[in-house]
Amino acid sequence: MKVDQLSIFLENRAGRLAEVTKILSDTGVNIRALSLADTSDFGILRLIVSDFEKARTELKNQGFTVGRTSVVALEVDDQPGGLNNILAILQAENINVEYMYAFVHQSSNNAVIIFRFDRTDQAIELLKKNNLTIIPGQKLYSI
Amino acid sequence: MIFDVEHETMPREELEQLQLRRLQTLVERVYHNVPFYKKRLEEKGIRPRDIQKLEDVRYLPFTGKQDLRNNYPYGLFAVSMENIVRLHSSSGTTGKATVVGYTHRDVRTWASLMGRCLNAAGVGPGDILHNAYGYGLFTGGLGAHYGAEAAGATVIPMSGGATRRQIMIIKDFMATAICCTPSYALHLAETAGELGIDARSLPLKVGIFGAEPWSESMRKDIEARLNIKALDIYGLSEIMGPGVGIECAEAQNGLHMQEDHFLLEVIDPVSGDPVAPGEMGELVITTLTKEAIPLLRYRTRDLTRLESTPCRCGRTTARMMRVQGRSDDMLIIRGVNVFPQQIESILLETDGLAPHYQLVVDRKGTMDTLEVRVEINEKIFSDEIKGLQSLEKKVQGAIKEFLGVTATVKLVEPKGIERSMGKAQRIIDLRKEAQ
């Protein structure tokens, strides 16, 4: 049920992000979703890509520091209150969202949001129990 | 394994007698053969016969690196060029280069002193020494080379560069010992990893590292990553080259100095007066036996202290404790003395951090600022900003606590800090450029 997210350490300097996208482009890896968290001197680029291993190997070879993080992709009703319902369920069980970002594509008529939880396994259990649609990694990489 | 039992285990009293005899001959020699010293001695009103006891050395004039530069290239030589068989030169990274010469006997003395060092490190017949010090004008390569032959070891004259090839040679030639800079040793370990080779599985047993300052925690790191015993060697081209002193494999605690050839003093770098025995100060060396370019009271700029308690290896020579920095590398930040090695120790004591760092000193208005750049690695990388920021804060807190200086800590991408071939550039002082 989990999705592999690629995290990349980036120094905050001009052209560094483009170097990552160039490497991915040259290796034929497609970016499915992304988010960039930054401070004044460094940033962390988080990516969901079409081929995790290929992207990771190539970025490492080119000297980037990369990591793997398990995240959860969830379908969210594309209407007022859609996200709020989910957050309420999580809050009731004291599960924290470390960060979240939106997926580029839609799945059917719903939005897709990527979540990083502090307790991933418990979060998955809880979401399933509440009949929410989790999109497994394999499906997500090829959307 | 002791190379020269007579001189390395000589009773102190006897050693001091030998030093005095040699010092008297030396002063006589430079007075007559080196116009520079004749003038300096006359300015101080000193005649060679005034040197009656070892302590009288303090009446002799100091020699600094600038004196060698001012007399570039051959002005301080005490013999004619017909007697010089070899020349070496310092890199000149901090100014004009300096040139040193060797007579035939100097070259032999150097080989035997370096041979002593290798034996003290446990390297002798049957050992294969991978010598990765640069061959050329730099004294490291040839110094270690001839020393290895004197010690009866097999030497691989590798020199620097071509790191991937070096790993193959170490592996295929079954090298049991290595000589290089400590930062290059870490670079070798990293490169081995990149090649999919476990650096711990290489046949090396001992490493002899010098030519740049390093810390106790960096030693532990090298020992763990290469599965070897790491020993500190000391030398400087002006005095001879590598082989002035080395840690023995038995105690690994302070560098045994070749006192029958070098007279040592520790002084206050500002006043020039001797410090109390065992106190920290700047090391000053007088070359007792060198023929080509003998130096009186050479200011090494290295900050250290001498320990004269007996060592369990049996040598009676004084031990120089690890060099704590250079009197001219010392950074004064808002009035606080900071040595790069202190920062290095803090980084190595922080979980997962590698000793790849750079200090950037600047001045904003009237305030000095210190930025510590540290390379990130996969062990410490977190995909959450707060994880990395808390690491930065942890290092910042430790620097504040141990050194009393507020620094900003900045994580940078791996290999963003120049290193490997030569010496890592640890300090960028922008204050000097602004002046």
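Residues numbered from 1 in each chain as written. Chains lettered and ligands numbered in written order. Predicted model: local features only at pLDDT ≥ 70, side-chain atom pairs only at ≥ 80, totals over all residues.

**Comments concerning the overall build of chain A**
Going by this rule: Each helix is a run of H or I in the DSSP string that is no shorter than four residues. Each strand is a run of E no shorter than two, and both are numbered from the N terminus. Here contacts are defined at the residue level, using C-beta atoms placed from the backbone and a cut-off of 7 Å between them.
Counting secondary structure elements, chain A contains five helices and six strands. Starting at the N terminus and walking to the C terminus, you meet the elements of chain A as β-α-β-β-α-β-α-β-β-α-α. In chain A, the share of contacts with a sequence separation of at least 24, taken over all contacts with a separation of at least 6, comes to 68%.

**Some words on the environment of N119(B)**
Residue and element names in this part refer to chain B. Threshold: The exposure label follows from counting other C-beta atoms within 10 Å of a residue's C-beta, where the C-beta atoms are placed from the backbone and the thresholds are 20 or more for buried and 12 or fewer for exposed, leaving partly exposed in between.
By the element assignment, N119 lies in helix α5 (residues 104-120). Judged by the 24 C-beta atoms lying within 10 Å of it, N119 falls in the buried class. When residues no more than four places from it in sequence are discounted, the contact partners of N119 are M1, I2, F3, G124 and A151.

**Describing the pairing of strand β19 (residues 367-375) of chain B**
Taken residue by residue, a regular strand's side chains alternate between the two faces of the sheet. Residues and elements named next belong to chain B. Going by this rule: Pairing between two strands is assigned when DSSP locates at least 2 bridges connecting them.
One ladder, built from eight bridges, connects strand β18 (residues 357-364) with β19; its direction is antiparallel. Looking at the pairing, Q358 lines up with R373 of β19. Where β18 folds back on β19, the antiparallel hairpin that results is connected by two residues, among which G365 adopts a positive phi of roughly 65 degrees. Pairing of β19 with strand β20 (residues 408-412), which is carried by five bridges, proceeds in the parallel orientation.

**Some details on the interface of chain B and chain A**
Many authors give the size of an interface as the accessible area that is lost as the parts come together. Cut-off, in case you're wondering: Note on residue classes: Ala, Val, Leu, Ile, Met, Phe, Trp, Tyr, Cys and Pro are nonpolar, Asp, Glu, Lys and Arg are charged, and everything else, Gly too, is polar.
With 16 residues of chain B in contact, the opposing surface of chain A contributes 14 residues. In terms of residue class, the side of chain B that touches chain A is made up of seven nonpolar, three polar and six charged.

**Quick notes on the confidence of the model for chain B**
Inclusion rule: The quantity known as pLDDT measures the predictor's confidence residue by residue, on a range of 0 to 100.
When pLDDT is averaged across chain B, the result is 91; 96% of the residues are at 70 or more. ipTM for the predicted complex: 0.83, alongside a pTM of 0.68.

**Regarding the environment of L430(B)**
All names here are of chain B. Take L430: it is sitting in helix α12 (residues 430-434). The spacing of L430 and V360 is 70 residues in sequence and 7.2 Å in space, taken between C-alpha atoms. Not counting residues within four places of it along the chain, the set of residues in contact with L430 comprises V360, V361 and D362.

**Considerations on helix α10 (residues 340-349) of chain B**
Since one α-helical turn is 3.6 residues long, residues separated by three or four positions face the same way. If you check which residues of α10(B) are buried, you get P340(B), Q341(B), I343(B), E344(B), I346(B) and L347(B). Packed against the buried residues of α10(B) are α9 (216-226), β15 (325-326), β18, β19, α11 (385-403) and β21 (427-429) of chain B.

**Comments concerning the environment of E149(B)**
Relative to the helices and strands, E149(B) is located in helix α6 (residues 139-151). Separated by 38 residues in the primary sequence, E149(B) and A111(B) place their C-alpha atoms 8.0 Å from one another.

**Quick notes on unusual backbone geometry**
Residue and element names in this part refer to chain B. Here Y72 and P73 are connected by a cis peptide whose omega angle stands at -5 degrees. A positive phi angle, close to 65 degrees, is found at S159, a residue other than glycine. You will see that Q252, though not glycine, has its phi angle at about 50 degrees, which is positive. Among the structural elements, Q252 can be located in the loop between β8 (241-247) and β9 (255-257). Given 15 C-beta atoms within 10 Å, Q252 falls into the partly exposed group.

**Concerning the sheet that holds strand β10 (residues 262-267) of chain B**
Strand order in the open sheet formed by four strands is β10-β11-β12-β15 (chain B), and the pairing between neighbours is antiparallel. Each edge of the open sheet carries a strand with a single partner, namely β10 and β15 of chain B.

**Structural notes on the sheet that holds strand β7 (residues 229-236) of chain B**
Residue and element names in this part refer to chain B. This is how the line gets drawn: The axes used here are C-alpha line fits, helices contributing only the stretch in contact, and every angle between their N-to-C directions lies in the interval 0 to 180 degrees.
Read across the sheet, nine strands follow the order β4-β3-β5-β6-β7-β8-β9-β14-β13 without closing on themselves; strand pairing throughout is mixed. With one partner strand each, in any of the chains shown, β4 (154-156) and β13 (306-307) form the two edges of the open sheet. The pairing of strand β3 (residues 128-131) with β4 spans three bridges and is classified as parallel. In the sheet register, I128 faces β4, and the bridge partner there is T154. Contacts from α9 reach β6 (206-209) and β7, with the element oriented near 130 degrees to β7.

**A few points about the packing of helix α1 (residues 16-27) of chain A against helix α2 (residues 52-61) of chain A**
Residue and element names in this part refer to chain A. What counts, and what does not: For classification purposes, an angle smaller than 35 degrees is called roughly parallel, one larger than 145 roughly antiparallel, one from 65 to 115 roughly perpendicular, and anything else oblique. Helix crossings are classified by the rotation of the near helix relative to the far one: an anticlockwise turn of less than a right angle makes the crossing left-handed, while a clockwise turn makes it right-handed.
Axis separation between α1 and α2 bottoms out at 10 Å; the angle between their running directions is 125 degrees. Judged by the inter-axis angle, α1 sits oblique to α2. Crossing of α1 over α2 shows right-handed handedness. The residues of α2 that touch α1, namely those facing V20, I23, L24 and T27, are K54, A55, E58 and L59. In terms of residue class, the contact of α1 with α2 is made up of five nonpolar, one polar and two charged.

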